[in-house]
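Topology and contacts: notes
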Amino acid sequence: MNETPEVLWSRPEAERGGTPLLVIFHGYGADEADLFSLAAQLPAEFTVASVRAPVQAGPGYSWFPLNNDLGYSVASVTATAAHVENWLDSVRGEHSSVSLLGFSQGMGIATTLLRHRPADYAAVVGLSGFVVDAAGDPFFDDAAVAALKPDIFWGRDQADPVIPESAIEATNTWMHGHVKLTKVLYTGIGHGINAQEIAHVGEFLQYKVLKGK
């Protein structure tokens, strides 16, 4: 994983300087094009970068391998997070701030990046996903997260058929102990995203990152 990831950008390079950056992490088996259309529905001030995960998974890609029971290796999570962080470090200097948006498995990577270097990010959006069960892994600086209380938006459907209840409970416990949480439950979206949720995400980013600018 030494190569630069594939990224779709909402602006040409010459127009990105000084803009707030929003990095999007797709779900398991998808690719960087999957959620890129969200860029047009979010505040226009942001430059959006949608990143392709590094691991081949069927016709698409994954951020880390998943077992049949949706279990995973924390080492594989941190290896990918470090890879993404290296790329982020190469572009963050161009931008006024960096925020993260992850869907499903992508929420696991977005929150892992936050938990490694929480001061680096203005806000995080997690949709229909979970936080990684880190079990004391030193990559995760949860004490620093709890001290900073970063802003996180967490949206999901209570009837989501994909994310196990144990992962939801663990995520809920972690969120309430570490971050400033905006949690919204939706009905009828299953393991997906709808227009109402994206409108709420836009409002959250406007208020927490742009602050009415």
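Summary of the structure given here. Since the structure is predicted, the reported quantities are computational estimates derived from the model, not experimental observations.

When its secondary structure is counted, the protein shows five helices and nine strands. Over its C-alpha trace the protein gives a radius of gyration of 16 Å, about what one expects of a compact globule, namely 17 Å for 213 residues. With respect to the principal axes defined by its C-alpha atoms, the protein has extents near 45 × 40 × 35 Å. In the protein, which comprises 213 residues, the share counted as buried stands at 54%. Surface summary for the protein: the accessible area is close to 9200 Å², and the carbon and sulfur share equals 51%. Measuring between centres, the 13 positive side-chain charges of the protein sit 8 Å from its 24 negative side-chain charges.

The next subject is the nonpolar core. Val23, Phe25, Leu88, Leu100 and Leu113 are the most contacted members of the largest nonpolar core, which totals 41 residues. Every element with two or more residues in this core is listed here: strand E2 (20-25), strand E3 (47-51), helix H1 (74-91), strand E6 (97-103), helix H2 (105-116), strand E8 (151-157) and helix H4 (165-178). Ranked by residue count, the leading element in this core is H1, at seven residues. Contact partners of leucine 88, with chain neighbours within four places excluded, come to Leu21, Val23, Val98, Leu100, Leu113 and Tyr121. Counting residues in each nonpolar core, the second largest holds 22 residues, with Leu22, Phe153, Tyr186 and Val209 among its members.

Two aromatic rings are characterised by how far apart their centres lie and by the angle between their planes. The tally for this structure, following the rule as stated, stands at six aromatic pairs. Arranged with centres 5.6 Å apart and planes meeting at 55 degrees, the rings of phenylalanine 153 and phenylalanine 204 form a pair that is tilted. Here phenylalanine 153, found in strand E8, pairs with phenylalanine 204, found in helix H5 (residues 195-210); they are 51 residues apart in sequence, far enough to count as distant. With respect to class, phenylalanine 153 is no different from phenylalanine 204; both count as buried. Here a set of aromatic residues connected by ring pairs shows up, and it is made of Phe64, Tyr72 and Phe130. For the cation-ring pair, arginine 16 lies above tryptophan 9, with the distance from its terminal atom to the ring centre recorded as 3.8 Å.

A few words on H5. An ideal rise of 1.5 Å per residue puts 22 Å on 16 residues; H5 measures up with 21 Å between its terminal C-alpha atoms. Along H5, the residues classified as buried are Glu197, Ile198, Val201, Gly202, Phe204, Leu205, Lys208, Val209 and Leu210. Looking down the long axis of H5, one finds its buried residues gathered within 165 degrees of arc, a one-sided arrangement. Facing away from the buried side of H5 by more than 90 degrees, the exposed set consists of Ala195, Glu203 and Tyr207. Contact partners of the buried residues in H5: E2, E6, strand E7 (124-127), E8 and strand E9 (180-186). Once H5 ends, the next one or two residues include lysine 211, with phi positive near 50 degrees.

Before going further, it helps to examine the environment of alanine 49. Note on placement: alanine 49 falls in strand E3. Of the residues examined, alanine 49 reaches a relative accessible area of 0% and is grouped as buried. Along the backbone, alanine 49 and glycine 202 are 153 residues apart, and their C-alpha atoms lie at a distance of 16 Å. Setting aside chain neighbours within four positions, we find alanine 49 in contact with Val7, Leu8, Trp9, Leu21, Leu22, Val23, Ile24 and Trp87.

What counts and how
- Residues numbered from 1 in each chain as written.
- Predicted model: local features only at pLDDT ≥ 70, side-chain atom pairs only at ≥ 80, totals over all residues.
- Heavy atoms only, no water.
- Helix = DSSP H or I, 4+ residues; strand = E, 2+ residues; numbered from the N terminus.
- Rg over C-alpha atoms; globule rule 2.2 N^0.38 Å.
- Buried < 20%, exposed > 50% of the residue type's maximum accessible area, 1.4 Å probe, protein only.
- Areas by Shrake-Rupley, 256 points an atom, 1.4 Å probe, with all protein chains shown as cover.
- Lys, Arg positive; Asp, Glu negative; His and termini not counted.
- Charge placed at Lys NZ, Arg CZ, Asp CG, Glu CD.
- Core = buried A, V, L, I, M, F, W, Y, C linked by side-chain atoms within 4.5 Å.
- Contact = heavy atoms within 4.5 Å.
- Phe/Tyr/Trp six-rings, centres within 6.5 Å; stacked < 30°, edge-to-face > 60°.
- Lys NZ or Arg CZ within 6 Å of the ring centre and 35° of its normal.
- Expected span 1.5 Å × (residues − 1).
- Arc of directions from axis to C-beta.

Just geometry here; none of it tells us what the structure is for.
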